[in-house]
Amino acid sequence: MTYENYLGFSREVLLEKMRQILPEKRLTHCLGVEKAARDLAKRYGADEEQAGLAGLLHDYAKKLSDQEFLDLIDRYELDPALKNWGNNVWHGMVGIYKIQEDLGLTDPAILRSIEIHTVGSGQMSTLDKIVYVADYIEHNRDFPGVEQARDIAQVSLDRAVAYETARTVEHLAHQGLPIYPQTLETYNAFVKYLKEEQ
Ligand code: GDP
Ligand code: FE
Ligand code: FE
């Protein structure tokens with residue numbers, strides 16, 4: 001399956017649509033995640049087209065207004081507890097409804113990987129792990145620990161998920177920020193992979 005099979009239009013047309021709604025820096029990040037996701041798919045024997053499209057689209061909804069997200073939560077009767085969070089959690093968990101509305105994308109595996117790309121899940125498919133990790137290690141990223149994350153991602157996708165989640169939880173706690181319960185579920189499910197022998 002090509003991007004065109006999934007979307008009904010070409011990658012070029014998708015990029016034009018994304019250029020209308022995302023600032024250049026965010027688009028560059030999305031292109032970096034597309035590339036990183038394709039590389040990880042190749043490395044781990046997953047579908048490169050599916051991973052690439054999920055990576056490219058993962059932050060599609062990043063620039064929606066808070067009001068648009070709150071309306072989507074109502075319209076799709078999503079968990080009302082979501083309303084207590086913000087853009088960081090909404091652009092994935094709620095963003096997939098905007099992606100379906102705007103682009104007509106229906107592939108459940110791609111939509112799921114985008115839904116949980118920020119918070120992960122206790123139960124993640126290979127594609128879910130690829131998008132989650134690609135978002136963290138794509139070549140435009142520059143923060144302390146990113147090189148280690150890139151090295152780990154070459155060895156084990158599970159260890160990379162564990163490392164990224166532990167760093168994120170640490171970071172959020174250090175900043176005194178609330179941690180979405182599903183992020184902690186991800187941490188608990190993957191923490192065993194931080195031990196060398198797993
Ligand atoms: P980005 O969209 O490419 O910037 O990356 P992500 O979608 O992975 O994360 C967006 C933001 O959400 C980052 O600043 C993360 O630190 C933050 N984030 C990740 N998990 C959680 C969480 O559980 N709770 C909160 N409040 N923020 C989180
Ligand atoms: Fe994101
Ligand atoms: Fe991202």
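By the naming in an unreviewed UniProt entry, the protein chain is bis(5'-nucleosyl)-tetraphosphatase (symmetrical), taken from Streptococcus lactarius. Turning to the protein chain, the UniProt annotation filed under Catalytic activity (unreviewed entry) states: "P(1),P(4)-bis(5'-adenosyl) tetraphosphate + H2O = 2 ADP + 2 H(+)".

Here we look at the site of ligand 1
Lining the immediate surroundings of ligand 1 are 16 residues, of which Lys-62, Thr-118, Arg-141, Tyr-180 and Thr-183 lie closest. Between Arg-26 and ligand 1, the recorded distance is 3.2 Å, taken from a side-chain N or O atom to an oxygen atom. Computed on the free molecule, ligand 1 has an accessible area of 570 Å², of which 82% lies beneath the protein chains in the complex. One can see that ligand 1 is located within the largest pocket. Where the shell around ligand 1 is concerned, the elements lending two or more residues are α3 (24-44), α6 (87-93) and α11 (157-174). Looking at the shell around ligand 1 residue by residue, the class counts come to four nonpolar, seven polar and five charged.

A look at the coordination of the iron ion (ligand 3)
Of the protein atoms, only His-29 (NE2), His-58 (NE2), Asp-59 (OD) and Asp-135 (OD) coordinate the iron ion (ligand 3), at distances of 2.1 to 2.3 Å. If you list the donors of the iron ion (ligand 3) from N- to C-terminus, the spacing comes out as H-x28-H-D-x75-D. Between the two metals, the iron ion (ligand 3) and the iron ion (ligand 2), the spacing is 3.5 Å, and Asp-59 donates to both. Here Asp-59, found in the loop between α4 (48-57) and α5 (66-75), pairs with Asp-135, found in helix α9 (residues 126-137); they are 76 residues apart in sequence, far enough to count as distant. Given a relative accessible area of 10%, Asp-135 falls into the buried group.

Here is what the cut-offs are and how they apply
Residues numbered from 1 in each chain as written. Chains lettered and ligands numbered in written order. Predicted model: local features only at pLDDT ≥ 70, side-chain atom pairs only at ≥ 80, totals over all residues. Heavy atoms only, no water. UniProt positions renumbered as here; feature names shortened; annotations may be inferred. Near = heavy atom within 4 Å. Polar contact = N/O pair within 3.5 Å; in protein donor to acceptor, adjacent residues only side chain to side chain. Areas by Shrake-Rupley, 256 points an atom, 1.4 Å probe, with all protein chains shown as cover. 1 Å grid on protein atoms, 1.4 Å probe; cavity = no way out; pocket = protein on both sides within 12 Å on 5 of 7 lines; lining within 4 Å. Sits in = over half its atoms within 2 Å of the grid points. Helix = DSSP H or I, 4+ residues; strand = E, 2+ residues; numbered from the N terminus. Nonpolar A, V, L, I, M, F, W, Y, C, P; charged D, E, K, R; others polar. Donors = N, O, S within 2.8 Å, 3.2 Å for Na, K, Ca; no water. Buried < 20%, exposed > 50% of the residue type's maximum accessible area, 1.4 Å probe, protein only.

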